Amino acid sequence: MIQERSVIKVADNSGAKFIRCFRVLGGGRKRYAGIGDIIIASVQKAEPRKAIKKKDIVKAVIVRTRKALGRKNGTYLRFDENAAVLIDEKKEPKATRIFGPLPREIRERGFETIFSMAEEVV
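Residues numbered from 1 in each chain as written. Predicted model: local features only at pLDDT ≥ 70, side-chain atom pairs only at ≥ 80, totals over all residues. Heavy atoms only, no water.

Focus: the overall build of the protein
Then step 1. Within the protein, the secondary structure is distributed over two helices and nine strands.
Then step 2. Tracing the protein from N to C terminus, the helices and strands come up as β-β-β-β-β-β-β-β-α-α-β.
Then step 3. Computed over its C-alpha atoms, the radius of gyration of the protein comes to 13 Å, within 12% of the 14 Å expected for a compact globule of 122 residues.
Then step 4. Along the three orthogonal principal directions, the C-alpha set of the protein runs to about 45 × 35 × 25 Å.
Then step 5. For the protein, the accessible area works out to roughly 7400 Å², and carbon and sulfur atoms hold 46% of it.
Then step 6. Here the protein contributes 28 positively and 15 negatively charged side chains, and the mean placements of these two sets differ by 6 Å. (Helix = DSSP H or I, 4+ residues; strand = E, 2+ residues; numbered from the N terminus. Rg over C-alpha atoms; globule rule 2.2 N^0.38 Å. Areas by Shrake-Rupley, 256 points an atom, 1.4 Å probe, with all protein chains shown as cover. Lys, Arg positive; Asp, Glu negative; His and termini not counted. Charge placed at Lys NZ, Arg CZ, Asp CG, Glu CD.)

Looking at the environment of Ala 118
Then step 1. Considering the arrangement of structural elements, one finds Ala 118 in the loop between helix H2 (112–116) and strand S9 (120–121).
Then step 2. Exposure remark for Ala 118: the relative accessible area of 18% places this residue in the buried category.
Then step 3. Residues Ala 118 and Lys 90, spaced 28 residues apart in sequence, show a C-alpha to C-alpha distance of 19 Å. (Buried < 20%, exposed > 50% of the residue type's maximum accessible area, 1.4 Å probe, protein only.)

A few points about the pairing of strand S2 (residues 16–24)
Then step 1. Direction of pairing for strand S1 (residues 7–10) relative to S2: antiparallel, over a ladder of three bridges. If you follow Lys 9 over to S2, its bridge partner there is Phe 18.
Then step 2. Alignment of S2 against strand S3 (residues 38–46), held across seven bridges, turns out to be antiparallel. Bridging across to S3, Phe 18 finds its partner in Lys 45. (Pairing = 2+ DSSP bridges.)

Some thoughts on the pattern of salt bridges
Then step 1. Applying the stated rule across the entire model yields nine salt bridges.
Then step 2. Two residues, Asp 37 and Lys 30, come together in a salt bridge whose shortest N-O distance is 3.3 Å.
Then step 3. Classification of Asp 37 as buried rests on a relative accessible area of 8%.
Then step 4. We classify Lys 30 as partly exposed; its relative accessible area is 33%.
Then step 5. A salt bridge links Lys 59 to Glu 89; the nearest nitrogen and oxygen atoms lie 3.6 Å apart. (Salt bridge = Lys/Arg side-chain N within 4 Å of Asp/Glu carboxyl O.)

A look at the side chain of Glu 105
Then step 1. Looking at the secondary structure, you find Glu 105 in helix H1 (residues 105–108).
Then step 2. In this structure the side chain of Glu 105 is engaged in a polar contact, spanning 2.9 Å, whose partner is the side chain of Arg 71.
Then step 3. Each residue touching Glu 105, except ones within four places of it in the same chain, is listed here: Leu 69 and Arg 71. (Polar contact = N/O pair within 3.5 Å; in protein donor to acceptor, adjacent residues only side chain to side chain. Contact = heavy atoms within 4.5 Å.)

Details of unusual backbone geometry
Then step 1. If you check the backbone angles, Arg 5 has positive phi at about 75 degrees while not being a glycine.
Then step 2. Following the sequence through the fold, Arg 5 ends up in the segment before S1.
Then step 3. Judged by its relative accessible area of 63%, Arg 5 falls in the exposed class.
Then step 4. Although it is not a glycine, Arg 49 sits at a positive phi angle of roughly 60 degrees.
Then step 5. Looking at the element boundaries, Arg 49 is found in the loop between S3 and strand S4 (57–64).

Here is the structure:
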């Protein structure tokens, strides 16, 4: 569960390393974001000589959370870290590669292009 002021690792090669959430999109009083939710964040740390710079305001989709995700078959899925992928206004990823595993719930939430770039699906 990601809330405002949460610092999240970026799981792509867009240039950002860490982002800080300052708004969870979807509903007026939505407090927490889970896997597949969109947030608005500020870049806290970035790689030099890349398109994304520190203090940039970006949109991101959550792809991994430490909070366990319950599936319909009764199993739970939990990751070691919170991670997000930066997206543009058309919900397409800004990067060309995505690092680490992704859950298949990302595809169900309508992010097929992010899902197709995953190196491992859980």
